[in-house]
Each structure stands twice: as C-alpha cells, then as structure tokens.
Amino acid sequence: MVLLAPSYKRWAKNPQLNAFVRGVTAAATGAIAGAVIVLARRSIYDVATLIIALVSLVVLMRWKVPEPI
C-alpha cells in the first residue's frame, strides 16, 4: 500500500479505481470483523475477561485512543 499510494493520487478521479478501492476496503473490513469474532470467542472465557473486553470496547467507542496504546 505504501508503494502504491503516490500513484493512487494521480488516478484518484478514475471511477473504476475508486470502485475497486471501495470493494477492497469492504473486504478488508469484513475480514477484520470476522477475525475479531473468532478471537473474542476464544479469549473471553470468564467474567473477568468479559469485563475487560466490555471496558475496552466502551473506552474505544467513547474516546479516540492513539494506535500504540
């Protein structure tokens, strides 16, 4: 992606390229969501981990947290 970003700016007005990028974005989002569901099922196994998961979800939904954190 880093290598293709400069050339994307040149072709940004192309409707076919924009449709392709939207499709790839949707596919990547679906793959990440699927991975989250699989990982959550395997990692939330008691009340303590459920509480940690819920608190983390609330923090992420409420405030913008920088990526490294």
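Parameters and conventions
- Residues numbered from 1 in each chain as written.
- Predicted model: local features only at pLDDT ≥ 70, side-chain atom pairs only at ≥ 80, totals over all residues.
- Heavy atoms only, no water.
- Helix = DSSP H or I, 4+ residues; strand = E, 2+ residues; numbered from the N terminus.
- Rg over C-alpha atoms; globule rule 2.2 N^0.38 Å.
- Buried < 20%, exposed > 50% of the residue type's maximum accessible area, 1.4 Å probe, protein only.
- Contact = heavy atoms within 4.5 Å.
- Expected span 1.5 Å × (residues − 1).
- Polar contact = N/O pair within 3.5 Å; in protein donor to acceptor, adjacent residues only side chain to side chain.
- pLDDT = per-residue confidence, 0-100.
- Patch = residues over 30% accessible without salt bridge, like charges linked within 9 Å, V, L, I, M, F, W, Y side chains within 5 Å.
- Areas by Shrake-Rupley, 256 points an atom, 1.4 Å probe, with all protein chains shown as cover.
- Salt bridge = Lys/Arg side-chain N within 4 Å of Asp/Glu carboxyl O.

A. Just the overall build of the protein, in detail. From N to C terminus, the protein includes 3 helices and 0 strands. Seen in sequence order, the protein has helices and strands lined up from the N terminus as α-α-α. For a compact globule of 69 residues, the expected C-alpha radius of gyration is about 11 Å, and the protein comes in at 18 Å, more than 25% above that figure. Along the first, second and third principal axes, the C-alpha set of the protein runs to 50 × 25 × 20 Å. Evaluated residue by residue, the protein yields a buried proportion of 1% over its 69 residues.

B. Inspection of the side chain of Thr49 at higher detail. Note on placement: Thr49 falls in helix α3 (residues 47-62). Discounting residues that sit within four places of it in the chain, Thr49 has contacts with Ser43 and Ile44.

C. The arrangement of helix α2 (residues 15-43) in detail. Relative to the 42 Å expected for 29 residues at 1.5 Å per residue, α2 spans 42 Å between its end C-alpha atoms, a close match to the ideal helical length. Capping of α2 at its N-terminal end is provided by Asn14; its side-chain oxygen lies 2.9 Å from the backbone amide nitrogen of Gln16.

D. Molecular detail of the confidence of the model for the protein. Within the protein, residue pLDDT values average 86, and 96% of them lie at 70 or more. Confidence scores differ between elements of the protein, with helix α1 (residues 5-10) showing the lowest mean pLDDT of 73 and α3 the highest of 92.

E. Examining the environment of Ala28 more closely. Examined against the element boundaries, Ala28 turns out to sit in helix α2. Ala28 sits 18 residues away from Asp46 along the chain, and the two C-alpha atoms are 30 Å apart.

F. How the structure looks around the environment of Ser43. Mapped onto the fold, Ser43 is located in helix α2. Residues Ser43 and Ala53, spaced 10 residues apart in sequence, show a C-alpha to C-alpha distance of 9.5 Å.

G. Here's a closer look at a nonpolar patch on the surface. A grouping of Val47, Ile51, Val55, Val59, Leu60, Trp63 and Val65 is seen on the molecular surface, where their side chains present a nonpolar patch of about 650 Å² in accessible area. By the secondary structure assignment, Val47 is in helix α3. Residue classification places Val47 among the exposed positions, given a relative accessible area of 60%.

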